[in-house]
Amino acid sequence: MRDRVDFERYVEQRSARLLQTAYLLCRDWGTAEDLLQTALAKAWFAWRRVGDNPDPYVYRILANTHASWWRRRWRGEVPTGVLPDVAGDDQMGAVGAREAVRQALAVLPDRQRAVIVLRYFADLPDPQIAEVLGCSVTTVRSQASRALAKLRVDPAAVAAITTGS
């Protein structure tokens, strides 16, 4: 019974942050919700083994599950070129900035995107990122360096940074 209470408390406290991380990994809210639900289900089955700090374990489940889904490459949904609804103008530019970040992350390979998301959005240190992704700290740093170099020359990312939108 104690495990259930601890797990429920963890989900209640961390699900919003985990959902954001899942979204940044897959760039789709519906898929992110599915990814988070799958990750939490897997975490529940291993909850007794997780230990006092479940974040690295759950982040690793998120990253690994996303990678396995991506390898399957099932694309049952076909995106449309024209959306039926058009969003109104964002007076503060926050939507534009978020969209610029999403587009910049979209051009990165999966591993580089995972490193950037875990480092800058989940605030994990390099050793924890290495543990989550199952690689060395050196690999994490090289992937981050390559990703940042790619983002520096991406016109959309540079424009978003220079205009502040």
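Because the structure is predicted, anything quoted here is derived from the model rather than measured.

Conventions and cut-offs
- Residues numbered from 1 in each chain as written.
- Predicted model: local features only at pLDDT ≥ 70, side-chain atom pairs only at ≥ 80, totals over all residues.
- Heavy atoms only, no water.
- Axes fitted to C-alpha atoms, helices over the stretch in contact; angles between N-to-C directions.
- Helix = DSSP H or I, 4+ residues; strand = E, 2+ residues; numbered from the N terminus.
- Parallel < 35°, antiparallel > 145°, perpendicular 65-115°, else oblique.
- Contact = heavy atoms within 4.5 Å.
- Nonpolar A, V, L, I, M, F, W, Y, C, P; charged D, E, K, R; others polar.
- Expected span 1.5 Å × (residues − 1).
- Buried < 20%, exposed > 50% of the residue type's maximum accessible area, 1.4 Å probe, protein only.
- Arc of directions from axis to C-beta.
- Phe/Tyr/Trp six-rings, centres within 6.5 Å; stacked < 30°, edge-to-face > 60°.
- Salt bridge = Lys/Arg side-chain N within 4 Å of Asp/Glu carboxyl O.

Engineer: What should I look at first to understand the packing of helix 7 (residues 126-133) against helix 8 (residues 137-153) in this one?
Structural biologist: For any two helices packed against each other, one specifies the inter-axial angle together with the distance between the axes. Relative to each other, helix 7 and helix 8 sit at 100°, their axes nearing to 8 Å. With respect to their mutual orientation, helix 7 and helix 8 come out roughly perpendicular. Contact with helix 7, carried on its side by Asp126, Pro127, Ile129 and Ala130, involves Val137, Val140 and Arg141 of helix 8 and no other residues of that element. Per-class residue counts for the contact of helix 7 with helix 8 are 5 nonpolar, no polar and 2 charged.

Engineer: Whenever I open this one, helix 8 confuses me. Can you help?
Structural biologist: An α-helical segment advances 3.6 residues per turn. Residues three or four places apart therefore align on the same side. An ideal rise of 1.5 Å per residue puts 24 Å on 17 residues; helix 8 measures up with 25 Å between its terminal C-alpha atoms. Where helix 8 is concerned, the buried positions are Val140, Gln143, Ala144, Ala147 and Leu151. Down the axis of helix 8, the smallest arc covering the buried residues is 100°, so these residues share one side. Opposite the packed face of helix 8, turned more than 90 degrees from it, sit the exposed residues Thr138, Arg152 and Val153.

Engineer: Got a minute to help me understand the packing of aromatic side chains in this structure?
Structural biologist: One pass over the structure, following the stated rule, counts 4 aromatic pairs. The interplanar angle of 55° and the centroid separation of 5.2 Å between the aromatic rings of Phe7 and Trp44 together place this pair among those described as tilted. Taken together, the positions of Phe7 in helix 1 (residues 2-26) and Trp44 in helix 2 (residues 29-45) put the pair 37 residues apart, joining distant regions of the chain. Taking relative accessible area as the criterion, Trp44 reaches 37% and is therefore assigned partly exposed. Centre to centre, the rings of Tyr10 and Trp47 are 5.4 Å apart; their planes meet at 45°, and the pair counts as tilted. Residue Tyr10 is found in helix 1, and its partner Trp47 is found in helix 3 (residues 47-50); the two are separated by 37 residues along the sequence. Across the pair, Trp47 and Tyr10 agree in class, each one buried.

Engineer: Sorry if this is basic, but what is going on with the pattern of salt bridges here?
Structural biologist: All told, the structure shown has 7 salt bridges when counted by the stated rule. In this structure, the salt-bridge partner of Asp6 is Arg9, at a minimum N-O distance of 3.3 Å. A residue pair is termed a helical-turn pair when its members lie 3 or 4 positions apart in one helix, as Asp6 and Arg9 do in helix 1 at 3 residues. One salt bridge in this structure joins Arg141 and Asp126, with 3.2 Å as the shortest N-O distance. Residue Arg141 is located in helix 8, and its partner Asp126 is located in helix 7; the two are separated by 15 residues in the primary sequence. Note on Arg141: relative accessible area 48%, which makes it partly exposed. On the basis of relative accessibility, which here comes to 13%, the residue Asp126 falls in the buried class.

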